[in-house]
Amino acid sequence: MNAFSYARPRAIADALRYLRSGAVALAGGTDLLGLMKDGLATPAALVDLTGIEGLRGWSHQRGKGLRIGALTPLVELETSDSLTRAMPILREALKDAATVQLRTMGTVGGNLLQRNRCWYFRDEGTVCWLKGGKRCFAVDGENRHHAILGADECVMVSPSDLVPALIAYDAEISLVSARGQRRMKLADLFVTPKAKDRREHALRPAELITEVRVSEASLARKGTYLKAMDRKAWSFALVSVAAAAKIERGIARDVRIVLGGVAPVPWRVVAAEKGLEGSALDDAACTDAADRMLAGATPLRDNGYKVTLARELVRRALRSLVAA
Ligand SMILES: Cc1cc2nc3c(=O)[nH]c(=O)nc-3n(C[C@H](O)[C@H](O)[C@H](O)COP(=O)(O)OP(=O)(O)OC[C@H]3O[C@@H](n4cnc5c(N)ncnc54)[C@H](O)[C@@H]3O)c2cc1C
Ligand code: SF4
């Protein structure tokens, strides 16, 4: 690991000052420190956010929705009974994410901004396209875990379990930098790397995520999260799906279906969601929506199984929204 300077400010304004002078934000360190140990990130300075109390914790005010600080440990989202009452999908999505140790250290902001898990990307000696090289080694190489949808030059997949669950509830994020504050849809944080734009996230330089917000209207949705893994624990999703909808007298409104592990960004197909508006989510409707979600899939040599898996997970997730 390269030598670096370290600061742990208590105020956001001080953290922004360090970021402006080139420091990289450190939260739980479960992704960033691994990248540094492997020589994939070489920051000259780190600014540790864990001293900023205002970024930690969550609150739910009736009528005002849910606010989750970016520095909140994942384990808190998973274990809090009151948070589970407000948004049950969070516990469902996080219970099989990483390990309890990683969920204790890892934070919400860090989870949203974690880098992809492509094994060529994670190998220090391989300079693939995303790392500034000429070609993607996964396209013609070992691509069992890679994208079946929406990829351009890079076929890595969106790895987070938390992200699809939050997007299914139309979550927004708040950001701050020296230029001021802004809000954006969480879905817009994720970028498909292409052409000269070789990045995974739309975070601006020296910008911090401060919180995630979910509106009261979205919290009225019923949701579920399903994850297929190689092993029963400590595995990233081969395919995951978050599905949510407002269910009134057995009829679905505001349907959201978000796939993880299949594309460089969390994958939505608005036509599939709209096709279920006013539906009773019977088996035929759910199967049709699942087919629409996977239309246009272009599997690579080793990952055709993801098409079948994703289609079935979508069907099951949607059906479960109207199960007793
Ligand atoms: C073995 C292993 C298995 C895993 N399995 C899963 C899994 O199954 N599912 C899953 O979802 N995840 C999984 N993860 C990923 C894990 O959840 C993330 O590493 C963790 O959430 C990152 O959070 P952190 O606080 O440690 O981030 P850090 O490592 O501290 O930071 C990650 C990135 O986010 C940036 N950052 C952090 N906070 C902010 C902020 N507030 N504003 C701006 N930038 C910020 C950092 O600069 C860095 O670039 C796994 C990780 C490991 C190592
Ligand atoms: S999928 Fe992306 S990260 Fe992996 S080798 Fe190809 S360009 Fe690199």
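Worth saying up front: this structure is predicted, and the values here are computed from it rather than measured. (Residues numbered from 1 in each chain as written. Chains lettered and ligands numbered in written order. Predicted model: local features only at pLDDT ≥ 70, side-chain atom pairs only at ≥ 80, totals over all residues. Heavy atoms only, no water.)

Asker: Kindly report on the overall build of the protein chain, identifying the contributing residues and their values.
Answerer: Scanning the protein chain for helices and strands turns up 13 helices and eleven strands. For the protein chain, whose C-alpha radius of gyration is 19 Å, the value lies close to the compact-globule estimate of 20 Å for 324 residues. Buried residues in the protein chain amount to 52% of all 324 residues. Long-range pairs, those at least 24 residues apart, make up 65% of the contacts in the protein chain with a sequence separation of at least 6. When the accessible surface of the protein chain is totalled, it reaches about 14700 Å², and 51% of it is carbon and sulfur. Charge separation in the protein chain, taken as the distance between the mean sites of 48 positive and 36 negative side-chain charges, equals 3 Å. (Helix = DSSP H or I, 4+ residues; strand = E, 2+ residues; numbered from the N terminus. Rg over C-alpha atoms; globule rule 2.2 N^0.38 Å. Buried < 20%, exposed > 50% of the residue type's maximum accessible area, 1.4 Å probe, protein only. Contact = heavy atoms within 4.5 Å. Areas by Shrake-Rupley, 256 points an atom, 1.4 Å probe, with all protein chains shown as cover. Lys, Arg positive; Asp, Glu negative; His and termini not counted. Charge placed at Lys NZ, Arg CZ, Asp CG, Glu CD.)

Asker: Got a sec to walk through the domain arrangement of the protein chain? Specific residues and values, please.
Answerer: Parsing the protein chain into structural domains produces domain 1 (1–50), domain 2 (58–113 + 157–217) and domain 3 (220–320). Using only C-alpha atoms to locate each centre, domain 1 and domain 2 end up separated by 20 Å. Opposite the eleven residues of domain 1 that make contact, domain 2 presents twelve residues. Between domain 1 and domain 2, the buried area comes to about 950 Å², and carbon and sulfur atoms account for 83% of it. In this assembly, domain 1 and domain 2 are joined by zero salt bridges. Residue contributions to the side of domain 1 that touches domain 2 peak at five residues, all from helix 1 (residues 12–20). Here the side of domain 1 that touches domain 2 is built from residues that sort into seven nonpolar, three polar and one charged. (Domains from an automatic or database assignment. Buried area = accessible area lost by both parts, 1.4 Å probe. Salt bridge = Lys/Arg side-chain N within 4 Å of Asp/Glu carboxyl O. Nonpolar A, V, L, I, M, F, W, Y, C, P; charged D, E, K, R; others polar.)

Asker: Give a description of the pairing of strand 10 (residues 239–248) that names residues and reports values.
Answerer: Here strand 10 lies mainly inside the structure; seven of its ten residues are buried. Of the pairings in the sheet, the one linking strand 10 to strand 11 (residues 251–260) comprises eight bridges and is antiparallel in character. Opposite Lys246, over in strand 11, you have Arg253 as the bridge partner. Between strand 10 and strand 11, which follow one another and run antiparallel, lie two residues, and Arg249 among them has a positive phi close to 50°. (Pairing = 2+ DSSP bridges.)

Asker: Mind laying out the nonpolar core, listing which residues take part and the relevant values?
Answerer: Counting residues in hydrophobic clusters, the biggest one holds 39 residues, and the most contacted among them are Met87, Leu112, Leu162, Leu166, Ile173 and Leu186. Mapped onto this core, the elements with two or more residues apiece are strand 5 (65–69), helix 3 (74–79), helix 5 (89–94), helix 7 (108–112), helix 9 (162–167), strand 6 (172–177), strand 8 (208–214) and strand 10. Both domains that furnish three or more residues to this core are identified here as domain 2 (58–113 + 157–217) and domain 3 (220–320). Those residues in contact with Leu112 that lie beyond four places of it in its chain are Leu162, Val163, Leu166, Ile173, Leu186, Leu189, Phe190, His201, Ile209 and Val212. In this structure, Val262, Ala272, Leu276 and Leu321 belong to the second largest nonpolar core, which totals 31 residues. (Core = buried A, V, L, I, M, F, W, Y, C linked by side-chain atoms within 4.5 Å.)

Asker: I'd love a proper account of the sheet that holds strand 9 (residues 222–228), names of residues and values included.
Answerer: The sheet built from three strands is open, its strands ordered 9-10-11 with antiparallel pairing. Two strands in the sheet have a free side with no partner beyond their single neighbour: strand 9 and strand 11. The mean inter-strand angle of the sheet, taken between neighbouring strand axes irrespective of direction, is 15°. Of the strand pairs in this sheet, strand 9 and strand 10 are connected by seven bridges, and their pairing is antiparallel. Considered in strand 10, the bridge of Leu226 is made with Val241. Sheet contacts for helix 13 (residues 305–320): strand 9, strand 10 and strand 11; angle to strand 10, the most-contacted strand, approximately 25°. (Axes fitted to C-alpha atoms, helices over the stretch in contact; angles between N-to-C directions.)

Asker: Go over the site of ligand 2 with me, naming the residues and quoting the values.
Answerer: Surrounding ligand 2, one finds 13 residues, the nearest of these being Cys118, Cys128, Cys136, Cys154 and Val155. Within the shell around ligand 2, the residues separate by chemical class into twelve nonpolar, one polar and no charged. (Near = heavy atom within 4 Å.)

Asker: Run through the site of ligand 1, naming residues and quoting values.
Answerer: Near ligand 1 you find 31 residues, and of these Ala25, Gly29, Thr30, Thr107 and Asp161 are the closest. Gln114 places a side-chain nitrogen or oxygen 3.4 Å from a nitrogen atom of ligand 1. With respect to ligand 1, the backbone of Ser235 contributes an N or O atom lying 3.2 Å from an oxygen atom. For ligand 1, whose unbound accessible area comes to 980 Å², protein coverage reaches 91%. For the shell around ligand 1, the secondary-structure elements that each account for two or more residues are strand 2 (24–26), helix 7 and strand 8. Grouping the amino acids of the shell around ligand 1 by side-chain chemistry returns 16 nonpolar, eleven polar and four charged. (Polar contact = N/O pair within 3.5 Å; in protein donor to acceptor, adjacent residues only side chain to side chain.)

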